[in-house]
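# Structural description and commentary
Take a look at the letters that make up each chain.
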Amino acid sequence: MRTPAERLAALGCAGLVAVTLTGCGSVTDAVKGGDGKAITMGTTQLTGVLDPAAAYDSASWMLLRNTFQSLLAFPAASSAPSPDAAQSCEFSGADAMQYHCTLRPGLKFSNGHPLTAQDVVFSVERTRKINDPNGPGSLLSSIKTVEAKGDNEVLFHLGAPDATLPAKLAGPAGAIVDHQAYPADKLVANDKLVGSGPYRFDSVEMVKAGKGDGQRLGKVVLVTNDKYSGEAKPRNSKFTVRYFDQPADLKTALDKGEVDLTDNSLEPNTAAQMHSDQQSGASDVQVVEGDSNDTRSLVFNTKDSVGGNVAVRQAAAQLLDRKALARDVFARTVQPLYALVPAGVNGHTTAYFDRYGDQDTAKAKKILTDAKVQLPVKLNLTWSRSRAGNAEPETLKKQLEVGGLFQVTVQQEPDWDAYKKGWSEGKYQAYIIGWFADYPDPDNYIAPLIVQGGAYHHGWDDPRISGKLVPDGLKQADRSAAAAGYAQIQQIVAENAPLIPLYQNKAFFAARSYITGVESTVDTTGVFRFWDIGRSN
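Right, let's walk through the structure included here.

So, how was this worked out
- Residues numbered from 1 in each chain as written.
- Predicted model: local features only at pLDDT ≥ 70, side-chain atom pairs only at ≥ 80, totals over all residues.
- Heavy atoms only, no water.
- Phe/Tyr/Trp six-rings, centres within 6.5 Å; stacked < 30°, edge-to-face > 60°.
- Helix = DSSP H or I, 4+ residues; strand = E, 2+ residues; numbered from the N terminus.
- Buried < 20%, exposed > 50% of the residue type's maximum accessible area, 1.4 Å probe, protein only.
- Arc of directions from axis to C-beta.
- Contact = heavy atoms within 4.5 Å.

## Quick look at the packing of aromatic side chains
- All told, the structure shown has 16 aromatic pairs when counted by the stated rule.
- Plain terms: the ring middles of Tyr199 and Phe530 are 6.5 Å apart, the flat faces sit at 70 degrees to each other, and that makes the pair edge-to-face. Of this pair, Tyr199 sits in strand E9 (residues 199-208) while Phe530 is found in the loop between strand E21 (515-516) and strand E22 (534-535), placing the two residues 331 residues apart along the sequence.
- Judged by relative accessible area, Tyr199 falls into the buried class, the value being 1%.
- You can call Phe530 buried: its relative accessible area is 0%.
- Ring centres of Phe239 and Phe530 lie 4.0 Å apart, and the angle between their planes is 5 degrees; this geometry places the pair in the stacked category. Here the residue Phe239 occupies a position in strand E11 (residues 238-243), and Phe530 occupies one in the loop between E21 and E22, the gap between them amounting to 291 residues. Like Phe239, the residue Phe530 is buried in the burial classification.
- In this structure an aromatic cluster arises from ring pairing among Tyr419, Trp423, Tyr428, Tyr431, Trp435 and Tyr456.

## Thoughts on helix H13 (residues 463-473)
- Every buried residue of H13 is accounted for by Ile465, Leu469, Val470 and Gly473. Buried residues along H13 cover an arc of 95 degrees about the axis, so they all sit on one side. Exposed residues pointing more than 90 degrees away from the buried face of H13 are listed as Pro463, Gly467 and Lys468.
- Each element contacted by the buried residues of H13 is listed here: helix H12 (443-450) and helix H14 (483-496).

## Here's the deal with unusual backbone geometry
- Going from Leu375 to Pro376, the amide bond is cis rather than trans, its omega being -5 degrees.
- The phi dihedral of Asn131 falls on the positive side, at around 45 degrees, and the residue is not glycine.
- Among the secondary structure elements, Asn131 is positioned in the loop between helix H2 (117-130) and strand E7 (143-149).
- On the basis of relative accessible area, Asn131 is assigned to the exposed category, the value being 51%.
- A positive phi angle, near 50 degrees, is found at Ala331, a position not held by glycine.
- Checked against the element boundaries, Ala331 lands in the loop between helix H7 (322-329) and strand E15 (334-336).
- On the accessibility criterion, Ala331 (23% relative accessible area) is partly exposed.

Structure follows, in structure tokens:
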């Protein structure tokens, strides 16, 4: 999944093929929530659209995961989705071509309407019909048809094997909407949303977005949903999210007590300093460090005469020093990444380190001279936005220019829409982009980024990957059994280097001393569980 700035499974708890309620806990009573305590969180993740049929960025999904139910959801620190609105789900047969779910009894939307299998079918068909160009419809593309069997059973018929369907349905792409409250062919306004999650929308304030005529969220107020039936037990009664343009403004609001906590939006050196201050006793602001599933890469346009030379890409991979980048630019708020699949996700490898090791100028020079590449290689490196500002591209420039092998020109395209258009039209030789996964499965770090040029339009494809290894991986309902195939893919990618993984973000959430529960919701699932956050005063 892409952030608003960077547009963006293993099966349930009782087994790898069947997802059942057994061992996952029981349905809770309707939640009253939090003993009247209210929480305010600040973020710089900006977005403007919240309808699940069109929302496809980390900021909107953070809200939707707390206000809508899907058939399945990701428990804390787990890459295996468990039942949510469903009581059980399972693939029928061994080819991952049919998927059957039975709903929990007695589910209701926040408006009191019953939630039935008809609503699940309507929600899937609605997202596919609207097919918003910036929406999550592509995640449901493997579904051929979906049918309701009575009020409590849903059967998905797939056009091709897709063992990742449970993980896709566990996110907001699978959010269930009320067929009595939503039109089938158009979006609803942000202040008209109705879901069945642990919270409901109380108010949504919009503000002007930048220089154009568009609007973005300014403040969203959620309150506990007394119609909710599920596993979450909110430790607060109201959760407000405030949106800030700049990390510095967010830090000021935290210092003044205008917000109780932040998400992973602070500037990296600020977060690192706050973490150090906490450990030394110089500050009572707590900083919780946790895992994150978002990654960042240097991408080559392989249709370009420079980026299209595999020797140039391999030499670049030999020259980059990820450890120095993490240490000197990001104050260790990121960790070096040596493969497409990040640490903490099934299928993670170190394919680039295995092939290239640490930075080695002599090896890079040999790669280029053996291929008779004229030195220095002149390369344009384009970027748009970075948590570290221009320090990130300038550091990459210096690393590539070690030994005089490259001559790099750095250029910034500050307008994100223009940046997307630029890389999609092949205007750049090399460019820096981040990736937020839709779900914690190795396929979501590979297929969207590699097959047929991927979302970054790098132009590279390998039929061994797109024609066999990826389709074979999608047949494996036991996702751990698919790891060997994904490891092979990452080896092939490392050899050809159409993109070079740079680092995996760590998550640093800052909170006032009275805030509790942050540490329980920072993990590689990418789900921030508002219901886990409480306060001691």
